Amino acid sequence: MPLASAAEGQWPKFQNGGRSSIDIALPTEWSPEQNIAWTADIEGYGQSTPIVAHDQIVVTSTSGENKDEYHVSSFAVDTGKLNWQVDVANPSPFKNSPMVSRAAPSAVATDTGFVAFFEGGVLLAITPSGETQWKRDLVAEFGPITARHGLSASLEADSAHVFVWVEREEAPYVLAVNPTTGEDIWKADGLGATSWASPRLVPVEDGQQLVCSASGKLVGLDPITGERLWEFTELSNNTSNTPTIVSKGRFLIGASDGRGETNAGASAASNGLVEISRGDDGKFQAKFLWQAKKATCTFGSPVVAGDTAAIVNRTGVLYRLDLETGEQVSAKRTDAGGLWATPLVAGGNLYLFGYKGTTSVISLADGKEISENRCWPEGGDGEKTPGFGGGNVLYAGAPAGDRLLIRRGDKLYAIGAK
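Notes on the structure follow.

Rules used in this analysis
Residues numbered from 1 in each chain as written. Predicted model: local features only at pLDDT ≥ 70, side-chain atom pairs only at ≥ 80, totals over all residues. Heavy atoms only, no water. Helix = DSSP H or I, 4+ residues; strand = E, 2+ residues; numbered from the N terminus. Rg over C-alpha atoms; globule rule 2.2 N^0.38 Å. Buried < 20%, exposed > 50% of the residue type's maximum accessible area, 1.4 Å probe, protein only. Contact = heavy atoms within 4.5 Å. Lys, Arg positive; Asp, Glu negative; His and termini not counted. Charge placed at Lys NZ, Arg CZ, Asp CG, Glu CD. Pairing = 2+ DSSP bridges. Axes fitted to C-alpha atoms, helices over the stretch in contact; angles between N-to-C directions. 1 Å grid on protein atoms, 1.4 Å probe; cavity = no way out; pocket = protein on both sides within 12 Å on 5 of 7 lines; lining within 4 Å. Points joined across faces, edges and corners; volume = space filled by probe spheres on them. Nonpolar A, V, L, I, M, F, W, Y, C, P; charged D, E, K, R; others polar. Polar contact = N/O pair within 3.5 Å; in protein donor to acceptor, adjacent residues only side chain to side chain. Salt bridge = Lys/Arg side-chain N within 4 Å of Asp/Glu carboxyl O. Patch = residues over 30% accessible without salt bridge, like charges linked within 9 Å, V, L, I, M, F, W, Y side chains within 5 Å. Areas by Shrake-Rupley, 256 points an atom, 1.4 Å probe, with all protein chains shown as cover. Core = buried A, V, L, I, M, F, W, Y, C linked by side-chain atoms within 4.5 Å. Phe/Tyr/Trp six-rings, centres within 6.5 Å; stacked < 30°, edge-to-face > 60°. Lys NZ or Arg CZ within 6 Å of the ring centre and 35° of its normal.

Points about the overall build of the protein
Here is step 1: Along the backbone of the protein there are two helices and 33 strands.
Here is step 2: Taken against the 2.2 N^0.38 rule, which gives 22 Å for 418 residues, the C-alpha radius of gyration of the protein at 20 Å falls within 12% of a compact globule.
Here is step 3: Counting all 418 residues of the protein, 62% fall into the buried class.
Here is step 4: Intrachain contacts of the protein at a sequence separation of at least 6 include 54% that bridge at least 24 residues.
Here is step 5: Side-chain charges of the protein comprise 35 positive and 49 negative groups, with the mean position of each set lying 4 Å from the other.

Some words on the sheet that holds strand β25 (residues 317-322)
Here is step 1: On the basis of which strands lie adjacent, the open sheet formed by four strands has the order β23-β24-β25-β26 and antiparallel pairing. In this open sheet, the two strands that pair with only one neighbour each are β23 (303-305) and β26 (328-333). Between one strand axis and the next, the sheet turns by 30° as a mean value, whatever way the strands run.
Here is step 2: Of the strand pairs in this sheet, β23 and strand β24 (residues 308-312) are connected by three bridges, and their pairing is antiparallel. Bridge assignment links A305 to a residue of β24, and that residue is T308.

Considerations on the pairing of strand β10 (residues 132-137)
Here is step 1: Pairing analysis gives five bridges linking strand β9 (residues 122-126) to β10, with the strands arranged antiparallel. Across the sheet, residue A125 finds its bridge partner in β10, namely W134.
Here is step 2: Remark: five residues form the turn of the hairpin made by β9 and β10, two consecutive strands paired antiparallel; G130 in that turn has positive phi of roughly 95°.

With respect to empty space enclosed by the protein
Here is step 1: For the structure on display, the rule yields one cavity of 30 Å³ or more.
Here is step 2: In this model, the largest cavity occupies a volume close to 30 Å³.
Here is step 3: Among the residues making up the lining of the largest cavity, the classes are represented as four nonpolar, two polar and one charged.

Topic: the environment of N178
Here is step 1: For N178, the position within the fold is in the loop between β13 (173-177) and β14 (184-189).
Here is step 2: Take N178: its relative accessible area is 26%, and that puts it in the partly exposed class.
Here is step 3: Sequence separation between N178 and A157 is 21 residues; the distance between their C-alpha atoms is 9.8 Å.
Here is step 4: Not counting the four nearest positions on each side in its chain, N178 is found in contact with W134, A160, E183 and I185.
Here is step 5: From its side chain, N178 meets the backbone nitrogen of T180 in a polar contact 2.7 Å long.
Here is step 6: Within polar-contact distance, the side chain of N178 engages the backbone nitrogen of T181 at 3.2 Å.

Comments concerning the pattern of salt bridges
Opposite charge on two side chains permits pairing when their charged atoms draw close.
Here is step 1: Summed over the entire model, instances satisfying the criterion amount to 11 salt bridges.
Here is step 2: For D184, the salt bridge is made with R136, and the minimal N-O distance between the two is 2.6 Å. One end of the pair, D184, is in strand β14; the other, R136, is in strand β10, with 48 residues separating them in the sequence.
Here is step 3: Residue R136 is classed as buried on the basis of its relative accessible area, which comes to 12%.

Remarks on a negative patch on the surface
Here is step 1: Where like charges cluster on the molecular surface, the negative patch consists of E43, E65, D68, E69 and D87.
Here is step 2: Positionally, E69 belongs in strand β5 (residues 69-76).

Notes on the sheet that holds strand β15 (residues 200-204)
Sheet strands line up and pair through hydrogen bonds in the backbone, either parallel or antiparallel.
Here is step 1: Across the sheet, four strands lie side by side as β15-β16-β17-β18; this open sheet has antiparallel pairing. Each having just a single partner strand, β15 and β18 (228-232) make up the two edges of the open sheet. In this sheet, neighbouring strand axes are inclined to one another by 30° on average, regardless of whether the strands run parallel or antiparallel.
Here is step 2: Across five bridges, the pairing between strand β16 (residues 207-214) and strand β17 (residues 217-221) is antiparallel. Note that in β17 the partner of L210 across the bridge is L221.

Quick look at the nonpolar core
Here is step 1: With 31 residues, the main nonpolar core has Y351, L404 and I406 as its most contacted residues.
Here is step 2: For this core, the secondary structure elements donating two or more residues are β2 (36-41), β4 (56-63), β27 (344-346), β28 (349-353), β31 (394-400), β32 (403-408) and β33 (411-415).
Here is step 3: Apart from the residues within four sequence positions on either side, I406 is in contact with F353, T359, C375, W376, L394, A396, K411, L412, Y413 and I415.
Here is step 4: Counting 18 residues, the second largest nonpolar core, distinct from the first, contains V108, L138, V166 and L175.

Notes on the packing of aromatic side chains
Here is step 1: Overall, the coordinates contain 11 aromatic pairs when judged by the stated rule.
Here is step 2: Ring geometry for W84 and F114: centres 6.5 Å apart, planes at 55°, overall tilted. Taken together, the residues span a long stretch of sequence, with W84 in strand β6 (residues 82-89) and F114 in strand β8 (residues 113-117) at a distance of 30 residues.
Here is step 3: Overall, W84 belongs to the buried group, its relative accessible area being 10%.
Here is step 4: A ring pair is formed by F299 and W340, whose centres lie 5.4 Å apart and whose planes are at 90°; its orientation type is edge-to-face. Remark: W340 occurs in the loop between β26 and β27 and F299 occurs in the loop between β22 (284-291) and β23; sequence separation between them is 41 residues.
Here is step 5: One aromatic cluster in this structure is built from Y45, F299, W340, Y355 and Y395.
Here is step 6: Stacked on the ring of F142, the Lys or Arg K187 has its end atom at 4.8 Å from the ring centre.
Here is step 7: Its end group placed over the ring of Y173, K187 keeps NZ or CZ at 4.8 Å from the ring centre.

As structure tokens, this is what we get:
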């Protein structure tokens, strides 16, 4: 059961499985009055990435004072028309607050449909036509999901598994389920550290490993059995960034500048290129091949941008580091400001999605900022102010064919010719 392929013009999972670079040229200029093909209202509010597969766009959201309902909504790629919406009661209501995640986990596409996961414990599979295949309540099965600022780990998947990571305060776990039946394949211990990152399948010479990143710790699991293969602890403040694939056994990891955390001075050194290899004893191990000197992230993960790693700090400074050596190539302040969404590389350009709504487009050829763009007027819709998880926050950008999707908490925008 292969995943829908990005090579087929799809975006089947969060960050496209750690490959946020595509060859398709996307629009570089737009405004509320120009080059927006369509907009679609999303019921309630959500922080997840749009998933593009099966000729449709799927997003998740939640509504009600206590996140009473969860929604999985499908929109037509060409028109933005609502195809179907699956509404599910939240079995574990919790105050709907900007300080706690709201439908943050992104869904994943498989050959038979979509699988979605919500912080109240609901895990369900839906066919491309909107029919529920199976549904589980992980809170009823394994206990409450209590975590600082809530749960935000998106789903990961391969041809035979959907991976669910619940990094909670007590008894955290990683679960692998059958995408067709929803039945458990294995359940392993979580990391026992703060995390809002997502699990990532990283290719290695003899297959893949499931890598999880939490504060002060990286762990690699065997995706077939759940066995813990290695643990790496020589980093800090890596709570929010998901590993980005560079090549077999190599991935980029990011860390913040330590606001509200410890060891802030070590945060730049925790941004870098990690390699998985076998030691002399035949066991797997991980180590930094290089570490940044100044560059730090916030919520947007580092990405591969040509022959550089692109890292954006909380004030919108874009650092580009040589992918092989880690040496700084450039550092420039952009109009995007801080990012909550992971950047996207498309058609030789780097897209930086500022959380306040401004997207900067940077040419990889000369490093110059081509344009700054917005889908809605600054401070629009009643002058809402972007908060931790409220107001007009730009949460994600993703391609849909030759159009660019922008996900706001309550709305979806498709940028490109009508």
